[in-house]
Each structure stands twice: as C-alpha cells, then as structure tokens.
Amino acid sequence: MPDLIPLMTYCFVMSSTPGPNNVMLTASGANFGYRGALPQILGIGVGGFVLTLLSCLGLGNLFMAWPLARELLRVVGALYLVYLAWKLSGAGGLQGAELPRPASFWQGFAFQAVNPKSWVKAITIGSVFLPSGLSPAEGGLLAASLGLLIGLPCTSSWALFGVGIRRFLSDPRKLRAFNLAMGLSLLALALNLLS
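Residues numbered from 1 in each chain as written. Predicted model: local features only at pLDDT ≥ 70, side-chain atom pairs only at ≥ 80, totals over all residues. Heavy atoms only, no water.

## Topic: the environment of leucine 148
And step 1. Tracing the backbone through its elements, the reader meets leucine 148 in helix α7 (residues 136–165).
And step 2. Separated by 20 residues in the primary sequence, leucine 148 and valine 128 have C-alpha atoms spaced 18 Å apart.
And step 3. In this structure leucine 148 touches Gly45, Val46 and Phe49, once residues within four positions along its chain are discounted. (Helix = DSSP H or I, 4+ residues; strand = E, 2+ residues; numbered from the N terminus. Contact = heavy atoms within 4.5 Å.)

Spelled out as structure tokens, the structure:
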C-alpha cells in the first residue's frame, strides 16, 4: 500500500488541475448541466484508463524512443485544442437551437488520444509510478483502475462547478462571455503546448 500513495497523489493532482478535459467539462456543465456532461466525463475516464494501461504495457516507450512521434502528438493535440476553442467560443446561449450538442462518451474517450496532458499522465504513471512486484499487465491494470477511481470524482467536480455557475449565466450575453473565456483558456493551453 505505501507504493500506491505517490501514485494516488499523482492521479489526484493530474485529474484535479486545469487542463483541456477540465476546461471542457466546466463549459459542458454550464451549458448542458451535469446529466449532459456525464457521457463526456465517463468517456474521459475510460479513455484515460485505456491510455494508462497501454502506456504501462509499453506504448509510452515508443513516444520516449521516437521524439518525432511525441512532437507530432504535441502539434496535433494543440491544433485540436484550437479547433475546440473555436467551437466553444461560438456557443451563444442556453437556447438549444443555438448551442452545440454536449460531447458524447466516444468524443471524450477519443480526445484522450490527442490530449497531451493525458499522455503525460499515462506515460509518467507507466514509467515512474508503476507498482513494484507486479507484472506490467497487473501493475498497469491496478494503476489504470486507481486513475479511473480517483479521476471520475475530480473531473465530475469541474462539471459540477459549471453547473454551479449556470444560474449566473442565464443571460445569453453572460453565457457567451463565459464560453468565450473557456475558449480562450483552451487556446492558451494550445499555445502553451506549442511554445
């Protein structure tokens, strides 16, 4: 159990701090409520689980061995964040006809493949925090399961924060400003990835 405390702490910090997933979940909570954000929350969790497991089984080593692949992931991830920022900034009010649909389970799941923060988390778990005394498959399954169990409440809290501020955003101008601010946050994350 003592080996797991640093792993659990790392999972908590990575799941709780701002990043592309949490910015999008805040916006989803504010625009669509918790129920609307739930498929995305679950997709992020399961996608992170799969990514962590694959990293623990050796996929992360490929990115470490091939810097060009790591660079390509960074650029593709940043470009996708710019696209998401543009889409989010265009959302204008709580009227359903003007809003994009909430992200689906599969969109949340697939986004983990291009989310650089998710890759950093998965590769770090696989290379630094993999529990000792277990095979890579057993350690990976344990680490990925702990990441999922710790991550779901953390990411849910970001969506619930969005739900909490929703009543302040009932004015379409305020909601538009909020969505613009969330879009600019994603853009800032993208620019940070490219610097």
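Back to the write-up after that little detour.
## Things to note about the packing of helix α1 (residues 4–16) against helix α6 (residues 116–129)
And step 1. At a minimum axis separation of 11 Å, α1 and α6 run at an interaxial angle of 175°. The angle between α1 and α6 falls in the class roughly antiparallel. For the pair formed by α1 and α6, the contact residues are Pro6, Leu7, Tyr10, Cys11, Met14 and Ser15 on the first element and Lys117, Val120, Lys121, Thr124, Ile125 and Phe129 on the second.
And step 2. Among the residues forming the contact of α1 with α6, the class breakdown is eight nonpolar, two polar and two charged. (Axes fitted to C-alpha atoms, helices over the stretch in contact; angles between N-to-C directions. Parallel < 35°, antiparallel > 145°, perpendicular 65-115°, else oblique. Nonpolar A, V, L, I, M, F, W, Y, C, P; charged D, E, K, R; others polar.)

## Description of a nonpolar patch on the surface
And step 1. Taken together, the side chains of Val46, Val50, Leu54 and Leu57 make up a nonpolar region of the molecular surface, amounting to roughly 290 Å² of accessible area.
And step 2. Of note, valine 46 is situated in helix α2 (residues 20–56).
And step 3. Here valine 46 falls in the partly exposed class, since its relative accessible area comes to 32%. (Patch = residues over 30% accessible without salt bridge, like charges linked within 9 Å, V, L, I, M, F, W, Y side chains within 5 Å. Areas by Shrake-Rupley, 256 points an atom, 1.4 Å probe, with all protein chains shown as cover. Salt bridge = Lys/Arg side-chain N within 4 Å of Asp/Glu carboxyl O. Buried < 20%, exposed > 50% of the residue type's maximum accessible area, 1.4 Å probe, protein only.)

## Considerations on the side chain of lysine 121
And step 1. Within the fold, lysine 121 resides in helix α6.
And step 2. Here lysine 121 falls in the buried class, since its relative accessible area comes to 15%.
And step 3. When neighbours within four sequence positions are excluded, lysine 121 is seen to be in contact with Tyr10, Cys11, Met14, Ser15 and Gly147.

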